[in-house]
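Residues per chain, in single letters:
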Amino acid sequence: MKVILNVDVKFLGEEGDVKNVANGYARNYLLPRNLAVPYNEATVMIFEARKAEIEARKEQKRKDSASLKEKLEATPFEVVMPAGANGKLYGAVTTHVIADTLSKAGFEIERKRIDLPGSAIKTVGSYKAIIKLYESQTAEIHVNVKAQEVAEEKTAKSAKGTKASKAAPKDEPKAEEVKAEEAPAESAENKAE
């Protein structure tokens, strides 16, 4: 079935695009939600009248995309992950990690729009990732993957733990022992009454 899109539909097209879709998809999803209208002479005339308005919106999206591209390419991004002494990461830097890093920097980018070299980054170093923007525009961002010092953290935690155990007095009774001592005294008072 041939339809004209009323709005941008993810994975299908943009407002004003003429698309050929399955009958069921059009009848059950696109038409009831007013995402598209059937392709006929009347709807074509309506969209021809709105063509300038639609093009103005698309031009605005292109401008926004160009400014976003400049900002993304000017900003270096850093990801800190646990890694071994040889620089191999214990996990992997995936598109999800990059999307979270971008989000923390103030850029809301879907992870499906991010392309990494290979499928994931598994070693420490500098990498380039491609972000698909509007239409055919893309931005190339620089991601610096650094190793988190895991060994130093473990030794620092164990040193703190030994200091805390040495500082605690050993002569104080445990809370369970105190409760056990108080319980018989209470029962003796109850019997006396």
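As the structure is a computational prediction, the values presented were derived from the model and not from experiment.

## Some points on helix α3 (residues 51-74)
Here α3 contains 24 residues, and its C-alpha end-to-end distance of 35 Å stays within 8% of the 34 Å for a straight helix at 1.5 Å per residue. Listing the buried residues of α3 in full gives Ile54, Lys58, Ser65 and Leu72.

## Quick word on the sheet that holds strand β9 (residues 138-148)
On the basis of which strands lie adjacent, the open sheet formed by 4 strands has the order β4-β9-β8-β6 and mixed pairing. The two strands at the open ends of the sheet, each matched to only one other strand, are β4 (77-82) and β6 (114-115). Pairing of strand β8 (residues 125-132) with β9, which is carried by 8 bridges, proceeds in the antiparallel orientation. Bridge assignment links serine 126 to a residue of β9, and that residue is asparagine 144. Contacting β4, β8 and β9, α3 crosses the sheet at an angle of about 25 degrees to β9.

## Examining the nonpolar core
Among the nonpolar cores identified, the biggest contains 22 residues, and Leu72, Val93, Ile98, Leu102, Ile131 and Ile141 are the most heavily contacted of them. Mapped onto this core, the elements with two or more residues apiece are β4, β5 (88-93), α4 (95-104), β8 and β9. Per-element accounting of this core gives the leading share, 4 residues, to β9. Look past the residues within four positions of isoleucine 141 in its chain and what remains in contact with it is Leu72, Phe77, Ile98, Leu102, Tyr127, Lys128, Ala129 and Ile131. Core analysis: the next-biggest nonpolar cluster, separate from the first, contains 9 residues, Leu5, Leu30, Leu35 and Ala36 among them.

## A look at the pattern of salt bridges
One pass over the full model with this rule turns up 12 salt bridges. Salt-bridge contacts for arginine 57 lead to glutamate 53; the nearest nitrogen and oxygen are separated by 2.3 Å. With arginine 57 and glutamate 53 both in helix α3 and 4 residues apart, this pair spans about one turn of that helix. Of the charged contacts, one joins lysine 146 and glutamate 78 as a salt bridge, the two residues approaching to 3.3 Å between their closest N and O atoms. Highlighted residues: lysine 146 in strand β9 and glutamate 78 in strand β4, separated in sequence by 68 residues. Judged by relative accessible area, lysine 146 falls into the partly exposed class, the value being 36%. One continuous salt-bridge network, built from bridges that share partners, spans Glu15, Arg50, Glu53 and Arg57.

Cut-offs and rules
- Residues numbered from 1 in each chain as written.
- Predicted model: local features only at pLDDT ≥ 70, side-chain atom pairs only at ≥ 80, totals over all residues.
- Heavy atoms only, no water.
- Helix = DSSP H or I, 4+ residues; strand = E, 2+ residues; numbered from the N terminus.
- Expected span 1.5 Å × (residues − 1).
- Buried < 20%, exposed > 50% of the residue type's maximum accessible area, 1.4 Å probe, protein only.
- Pairing = 2+ DSSP bridges.
- Contact = heavy atoms within 4.5 Å.
- Axes fitted to C-alpha atoms, helices over the stretch in contact; angles between N-to-C directions.
- Core = buried A, V, L, I, M, F, W, Y, C linked by side-chain atoms within 4.5 Å.
- Salt bridge = Lys/Arg side-chain N within 4 Å of Asp/Glu carboxyl O.

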